[in-house]
Amino acid sequence: MSVHVVAFGNERGACSEDDPQSSLIWTYLGRSALVSETDSSLLLNSANYLRNPSFTEYQACVFGNVRLVIHDCPLGDIFDSDWYTSRNLIGEADIIVIKYSVNDKSSFQEVKDIYAPLIKKALNHCSIPVIISAVGARQNDVPCTCPLCISDRRSCVTASEGIQLAKELGATYLELHSLNDFYIGKYFGGVLEYFMIQSLNQKSIEKMKKRKKPQKCHEIKPPQLEQPEKMPILKGEASHYDSDLHNLLFCCQCVDVIFYSEDLKEIAEAHRIVLCSVSNVFMLLFNVKSPDDIQDPSVIRMAQTLFAVDQEAVYPVSNQRSSCNSPVRVIVKDSFFCSCLSDILHFIYSAAYQWELLEGHIKKKVKDSSIVEDILEKVKCILEIPGKVNSQNCRLYVSKRPLQLCNSSLRLFFNTTVLADVMFKIQGAVVPAHRAVLVARCEVMAAMFSGNYIESNSFLVPVFGISKDTFLSFLEYLYTDSCCPASILQAMSLLICAEMYQVTRLQHICELYIITQLQSMPSRELASTSLSVVNLLRKAKFHNSDCLSNWLLHFIASNYLIFSQKPEFEDLSVEERNFVEMHRWPSSMYLKQLSEYRNYIHSRKCHCVVM
């Protein structure tokens, strides 16, 4: 066995003679009792130094038969001139010694700047004992070893500086005031020999572990299975449900309610389906509910005192309206409420999030604070906001329950004939709907119900190429901004319907549902399922679902062993097959290595010595 020691630094000072016999390592090897006399001649002469002038190599025997190899590197430029050799020296070292002269500030700075960072890097990978030796007596009358002394700090290296460096490296710090028998033999030698013994014990333990291990280290190792490629990430689309309904108030399409002042001046236009979804007052006004259905008497009183539906008066006719039926004309009895009605409608159509904005608009139009309070109280009664009129109360209420203009309110009118103004004929059945919701939520529907198409004046609209269940799921999304397909095939049918009507967010929801369901399938279920992923890929490409088609290709490649055994795998195009082969997991190289390893293991078992 052997122990390798690497010593860095110059402990002889800048002005001392360059004599090897005055060095710390030479002195230790010459005076140590552990070094055999017969082996002391193994210390290499200057010929080895001339061969590599950057370091000197010493060899000796210690503890009887343990070979001690010491590389002394006094010059810092070894890392510039022979980086490969110096790196190997640190890597093979069992013990590292750092030495410097306390009277040579430059030698300490060289140790700190050059050697210390490299040793730190080496200690990150393995645990090597480090000894820091401060050699010499400081050039004062009385050598000071106090860490707080600064009398000779400018010219000498203080003990505190050496201790700090030892802390950074986790090293043992020694001060050797002279190279005599006490400091070299007992002090430095005792610490060095302790670490030698520790190193030899560690090597003996490792050697015993290697002997106990079977001879499998020489066998062929099993191939390493690489990780599959990361699947493409699908980008979602934020909901624009509230903005869709708010924009409906501006487009003035499918208007079926017109508000007038008492002098029959047109004030604002609106949609019954939206107004009834937010208030029982409007439900009572438009006969959606009867007074017997309303439990709050203030709602009945508000509907009777604030509004009146009039069919007998003569009104100006507008040619711009495209609704099949004549709009309901509502007279607003309160003049102050009538003057603020447009702001109130904007507040309702924007899901009633901006109470302070509504209050500010009303105060600009009405200067009397008591009238402003009365108008806000009526708005609260219409929207059924509890409590007294104040901004904080209303703001807290609508933040928890943003009115009823949300997906839960319009859900009440989904697939019902109440207020329905269009019927879709599909697969022999009739599905009721409301033009205002369709126009607000779907641009294709908005164009279809405009004055340029026959559907704009038709009550019954046929639908082809879609099943009734799929179309109902599509309408449910338009009304509620959510959908929950029952299966992957239904989600694909809904995706095709969404692509037909250009509702991109619904497409993304269906794509995400299909991906989530496929990812949750265990391998056994994926292998036995009758669902054709290649067919899904075909439909996704045909209906311009690029994200889903790209993901499905990666999914087939990541489950290559399953899909390559299915008959549908042959339906892939040449381009798709090349993509799958390029990104397949596991790779063909891994399968080849695995086959070779199995053959090797099988051959070893066939020639088993024990059997």
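Residues numbered from 1 in each chain as written. Predicted model: local features only at pLDDT ≥ 70, side-chain atom pairs only at ≥ 80, totals over all residues. Heavy atoms only, no water.

Asker: Any chance you could break down helix H22 (residues 504–519) for me, citing the residues and the numbers?
Answerer: If you check H22, its first and last C-alpha atoms are 23 Å apart, about what 16 residues at 1.5 Å a residue would give, namely 22 Å. Residues of H22 that are buried: Arg505, Leu506, Gln507, Cys510, Glu511, Tyr513, Ile514, Ile515 and Leu518. Looking at the buried side of H22, the elements it contacts are helix H20 (468–480), helix H21 (488–500), helix H24 (533–542) and helix H25 (546–558). (Helix = DSSP H or I, 4+ residues; strand = E, 2+ residues; numbered from the N terminus. Expected span 1.5 Å × (residues − 1). Buried < 20%, exposed > 50% of the residue type's maximum accessible area, 1.4 Å probe, protein only. Contact = heavy atoms within 4.5 Å.)

Asker: Tell me about the nonpolar core, and name the residues and values.
Answerer: The nonpolar side chains of a soluble globular protein tend to be buried, and buried together. Judged by nonpolar contacts, the single largest core of 118 residues is most densely connected at Phe259, Phe307, Phe424 and Phe474. Here this core gets 8 residues from one element, more than from any other, and that element is helix H15 (residues 369–383). In contact with Phe474, not counting residues within four places along its chain, are Cys442, Met445, Leu494, Cys497, Ala498, Tyr501, Val503 and Leu506. (Core = buried A, V, L, I, M, F, W, Y, C linked by side-chain atoms within 4.5 Å.)

Asker: So what about the environment of Ser204? Which residues, and what values?
Answerer: As for its placement among the helices and strands, Ser204 is situated in helix H7 (residues 181–212). Exposure remark for Ser204: the relative accessible area of 31% places this residue in the partly exposed category. Considered as a pair, Ser204 and Met1 are 203 residues apart in the sequence and their alpha carbons are 8.9 Å apart. Of note is the side chain of Ser204, whose polar atom sits 2.9 Å from the backbone oxygen of Leu200. (Polar contact = N/O pair within 3.5 Å; in protein donor to acceptor, adjacent residues only side chain to side chain.)

Asker: Could you give an account of the pairing of strand E7 (residues 257–260), with specific residues and numbers?
Answerer: Neither face of E7 is open: one carries Val257 and Phe259, the other Ile258 and Tyr260, and all of them are buried. Inspection of the sheet shows E7 paired to strand E8 (residues 266–270) by 4 bridges, in the antiparallel sense. Pairing of Tyr260 across the sheet is with Glu266, part of E8. Count of turn residues in the E7/E8 antiparallel hairpin: 5 residues, of which Leu264 carries a positive phi of about 65 degrees. (Pairing = 2+ DSSP bridges.)

Asker: How would you explain the packing of helix H8 (residues 241–251) against helix H13 (residues 341–349) if you had to name every residue and give the values?
Answerer: Two packed helices can be described by the angle between their axes and the distance between those axes. Close contact between H8 and H13 brings their axes to 8 Å; oriented N to C, the two are set at 155 degrees. Judged by the inter-axis angle, H8 sits roughly antiparallel to H13. Contacts between H8 and H13 involve Asp242, Leu245, His246, Leu248, Leu249 and Phe250 on the former and, on the latter, Leu345, His346 and Tyr349. The residue makeup of the contact of H8 with H13, split by class, is 6 nonpolar, 2 polar and 1 charged. (Axes fitted to C-alpha atoms, helices over the stretch in contact; angles between N-to-C directions. Parallel < 35°, antiparallel > 145°, perpendicular 65-115°, else oblique. Nonpolar A, V, L, I, M, F, W, Y, C, P; charged D, E, K, R; others polar.)

Asker: Tell me about the sheet that holds strand E9 (residues 307–309), residues and numbers included.
Answerer: The strands making up a sheet associate through backbone hydrogen bonding, with each pair oriented either parallel or antiparallel. As summarised here, the arrangement of the 4 strands in space is E8-E7-E10-E9, forming an open sheet in which the pairing is mixed. Each having just a single partner strand, E8 and E9 make up the two edges of the open sheet. Going from strand to strand, the sheet's axes swing by 25 degrees on average, the running direction of each strand aside. Those strands touched by helix H11 (residues 297–306) are E9 and strand E10 (328–332), and its axis lies near 70 degrees from that of E9.

Asker: Report on the pattern of salt bridges, specifying residues and quantitative values.
Answerer: On inspection of all chains with the given rule, the structure shows 18 salt bridges. The salt bridge involving Glu11 is made with Lys99; its shortest N-O contact spans 2.9 Å. With Glu11 in the loop between strand E1 (2–8) and helix H1 (24–31) and Lys99 in strand E4 (residues 95–101), the pair connects residues that are 88 residues apart, well separated along the chain. You can call Glu11 buried: its relative accessible area is 5%. Between Arg138 and Glu175 there is a salt bridge; the shortest N-O distance is 3.1 Å. Residue Arg138 is found in the loop between strand E5 (130–135) and helix H6 (159–169), and its partner Glu175 is found in strand E6 (residues 172–176); the two are separated by 37 residues along the sequence. Take Glu175: its relative accessible area is 11%, and that puts it in the buried class. Put simply, Asp244, Arg441, Asp481 and Arg505 are held in one network by salt bridges that share partners. (Salt bridge = Lys/Arg side-chain N within 4 Å of Asp/Glu carboxyl O.)

Asker: I'd like a rundown of H8, residues and numbers included.
Answerer: Those residues of H8 that fall on the buried side of the exposure criterion are Tyr241, Asp244, Leu245, Leu248 and Leu249. Along H8, the residues classed as buried sweep out an arc of 150 degrees about the axis, all on the same side. Within two residues after H8, Cys252 carries a phi angle of roughly 60 degrees, on the positive side. (Arc of directions from axis to C-beta.)

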